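Overview (structure and organization)
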Amino acid sequence: MEANNVPQQNISTYANNKKAMYATNENGKYTVVSSTGWEVEEIATKQALAELERLAEKAYRQVVAGEFSPLYFHMYERRMDLQTLSQATGFFKWRIRRHLKPAIFSRLPTRLLARYTEALGISAETLCNLPPLEKYGR
Amino acid sequence: MAGNRKFIHDHSAHCESGVMSLMMRHHGLDLSEPMVFGLAGALMFAYIPFVKLGGMPLVAYRSMPRAIIKGLQKNIGITMKMRTFSSVAKGASALDNLLLRGEIVGAQTSVFWLPYFPEEMRFHFNAHNLIVYGKEDKDYLISDPVFENPMRCPVKDLEKARFVKGVMAPKGLLYYPQHVPSSIDFSETIPRVIAKNAKAMLKTPVPIAGIRGIRMLARTIGRLQRKDLRYAKLFLGHIVRMQEEIGTGGAGFRFIYASFLQEAGAILHNAALTDASEMLTQVGDQWREFALMLARAIRAKTGASIDFVNLQTKLETVADAEAEVYRKLLGTVGRT
């Protein structure tokens, strides 16, 4: 790739940051060029973010419907899935699945809740509730 | 070994090679990021369908995390001190003591918990490398090579990022050099590391690594037609992210390695290495064309409008061209 062909498309997922790219100058010599982003990368990043959001929104509705405990929503909201949460908390997946049942979750001792709040980086108050509708009620 | 000079931050493409380049320069050994990457023999390709990260199979354009630190240690005779910790408190006080001694310290962290990362870039990736070069009040002074400028990070947040659990958990990993040679015998080292890297790409015993790994990924793409469309598109997007988004200098580290070959050719006055560099640059351009095709496929409205077989053919062409570069390199640097 030549230095003047390094994409400078000001992509939103860089949030005004730049990445260093390696490209050749007019003499064919490699240099480092700061790039404001390539649309191709933006499409891929946005797709991944949209998927995470889709999962969180779906979970929100299922929690509202009483199918799952709020933990289910917060797991996705923090960009995790069952596997990541299991590794971050040290709980087996089957144990987390159990905690996803509203009746069981509401009786969880503080000691176990703390493992989730630690792994998710949110307060117990946040974990046991859903955020207001505006963001996720669509 | 504490450096006696003021630490200088620089912008790099990739975290681990960037950290090691900055660290070597701080200790008086002038190695560019591409030289670090090349000398560590870090160029790779791996497609491991049975290892899943965030629900997607592992696709890697470089060797394992920590392989650059370890490869450099093995190939150029530096000695690194690498320490992991059993508790957050021990890890934090060890870092503070090293900083008091005037050391600049490499650390492995999780991207998700670093507050200076924009929201759009925060994913659960636990093998991000950065340098801590100071502490002021309740902030650590951070040189994160993938950012243009030095950063600050609250003490609590860095502790969290250093001690996340999960795949590739950093366990508070800190590292710094104990011995850095003042010069390297390039005429001996460079041919050896290039030959080794080229062999690893060409002659893998397993079908999931090297050129064979690229071909296996190509076949998998060709079969995506049968899969659920949403999954197929996410899979294609995942490949683009591993190739471009994670800080590879473009084309999944192929441009960085081409830059290394160019520098190596100049050091050794070896025109064949310079030629190989140009060939690899062209291969990199083909990888970028492939990424562009993937991005178009992601945007397609219907599955019928995505030509998966065409994507497969393109990737197979890339694999052929890349294999050609390694054969040339092996012919050049001999059978060491």
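Calculation notes
- Residues numbered from 1 in each chain as written.
- Chains lettered and ligands numbered in written order.
- Predicted model: local features only at pLDDT ≥ 70, side-chain atom pairs only at ≥ 80, totals over all residues.
- Heavy atoms only, no water.
- Domains from an automatic or database assignment.
- Helix = DSSP H or I, 4+ residues; strand = E, 2+ residues; numbered from the N terminus.
- Core = buried A, V, L, I, M, F, W, Y, C linked by side-chain atoms within 4.5 Å.
- Buried < 20%, exposed > 50% of the residue type's maximum accessible area, 1.4 Å probe, protein only.
- Contact = heavy atoms within 4.5 Å.
- Phe/Tyr/Trp six-rings, centres within 6.5 Å; stacked < 30°, edge-to-face > 60°.
- Expected span 1.5 Å × (residues − 1).
- Polar contact = N/O pair within 3.5 Å; in protein donor to acceptor, adjacent residues only side chain to side chain.
- Buried area = accessible area lost by both parts, 1.4 Å probe.
- Salt bridge = Lys/Arg side-chain N within 4 Å of Asp/Glu carboxyl O.

Moving on, we come to the domain arrangement of chain A. Looking at the assigned domains, one finds that chain A contains domain 1 (3–37) and domain 2 (47–136). Computed from C-alpha coordinates alone, the two centres of domain 1 of chain A and domain 2 of chain A are separated by 39 Å.

This part takes up the environment of A:Leu55. Mapped onto the elements, A:Leu55 comes out in helix α1 (residues 39–64). Between the C-alpha atom of A:Leu55 and that of A:Tyr72, which follows or precedes it by 17 residues, the distance is 10.0 Å.

Residue and element names in this part refer to chain B. One finds Met20, Ile194, Ile221 and Trp287 to be the most contacted residues of the largest nonpolar core, which totals 105 residues. Among residues more than four places away in sequence, those in contact with Trp287 are Phe45, Tyr61, Ile214, Gln243, Ala251, Arg254, Leu315, Val318 and Glu322. Membership of the second largest hydrophobic core comes to 32 residues, among which are Cys15, Phe147, Phe163 and Val164.

Assigned domains of chain B: these are domain 1 (15–30 + 79–179) and domain 2 (186–333). Summarising the inter-unit geometry, the C-alpha centres of domain 1 of chain B and domain 2 of chain B are found 30 Å apart.

A few words on the packing of aromatic side chains. Evaluation of the coordinates by the stated rule reveals 18 aromatic pairs over all chains. Taking the centre distance of 5.4 Å and the plane angle of 85° together, the rings of A:Tyr60 and A:Phe73 count as edge-to-face. In this pair, A:Tyr60 sits in helix α1 while A:Phe73 sits in helix α2 (residues 70–77), placing the two residues 13 residues apart along the sequence. You can call A:Phe73 buried: its relative accessible area is 0%. Centroid distance B:Phe117 to B:Phe147: 4.9 Å. Interplanar angle 85°. Geometry classified as edge-to-face.

We now examine helix α10 (residues 271–299) of chain B. Here α10(B) contains 29 residues, and its C-alpha end-to-end distance of 43 Å stays within 8% of the 42 Å for a straight helix at 1.5 Å per residue. Where α10(B) begins, one side-chain oxygen reaches toward the backbone nitrogen of B:Ala272, 2.9 Å away; that side chain belongs to B:Asn270.

This part covers unusual backbone geometry. One non-glycine residue, A:Ala15, adopts positive backbone phi at about 45°. By secondary structure assignment, the location of A:Ala15 is in the segment before β1 (19–24). The class of A:Ala15 is partly exposed, set by a relative accessible area of 32%. Although it is not a glycine, B:Lys171 sits at a positive phi angle of roughly 50°. Mapped onto the elements, B:Lys171 comes out in the loop between α5 (155–162) and β8 (174–179).

As a further point, take the side chain of A:Ser86. All names here are of chain A. By the secondary structure assignment, Ser86 is in helix α3 (residues 82–89). The buried category is assigned to Ser86, whose relative accessible area is 12%. A distance of 2.9 Å separates a polar side-chain atom of Ser86 from the backbone oxygen of Phe91. Leaving out residues up to four positions away in the same chain, Ser86 has contacts with Phe91, Phe92, Lys93 and Ile96.

This next bit is on the interface of chain B and chain A. If you look at the interface, chain B gives 49 residues, while chain A gives 41 residues. Carbon and sulfur atoms supply 58% of the area that chain B and chain A bury against each other, a total of about 3800 Å² over both sides. Looking at the side of chain B facing chain A, the largest losses of area belong to B:Glu120, B:His124 and B:Arg288, adding up to 14% of the total buried there. In this structure, the connection of chain B to chain A is made through three salt bridges. Note that B:Glu119 and A:Arg79 form a salt bridge whose closest N and O atoms lie 3.6 Å from each other. For the interface between chain B and chain A, the tally reads 14 residue pairs in polar contact (both at pLDDT 80 or more). Mapped onto the side of chain B that touches chain A, the elements with two or more residues apiece are α2 (33–39), α8 (229–245), α9 (254–268) and α10 of chain B. Ranked by the residues each element gives to the side of chain B that touches chain A, the list is headed by α10(B), at nine residues.

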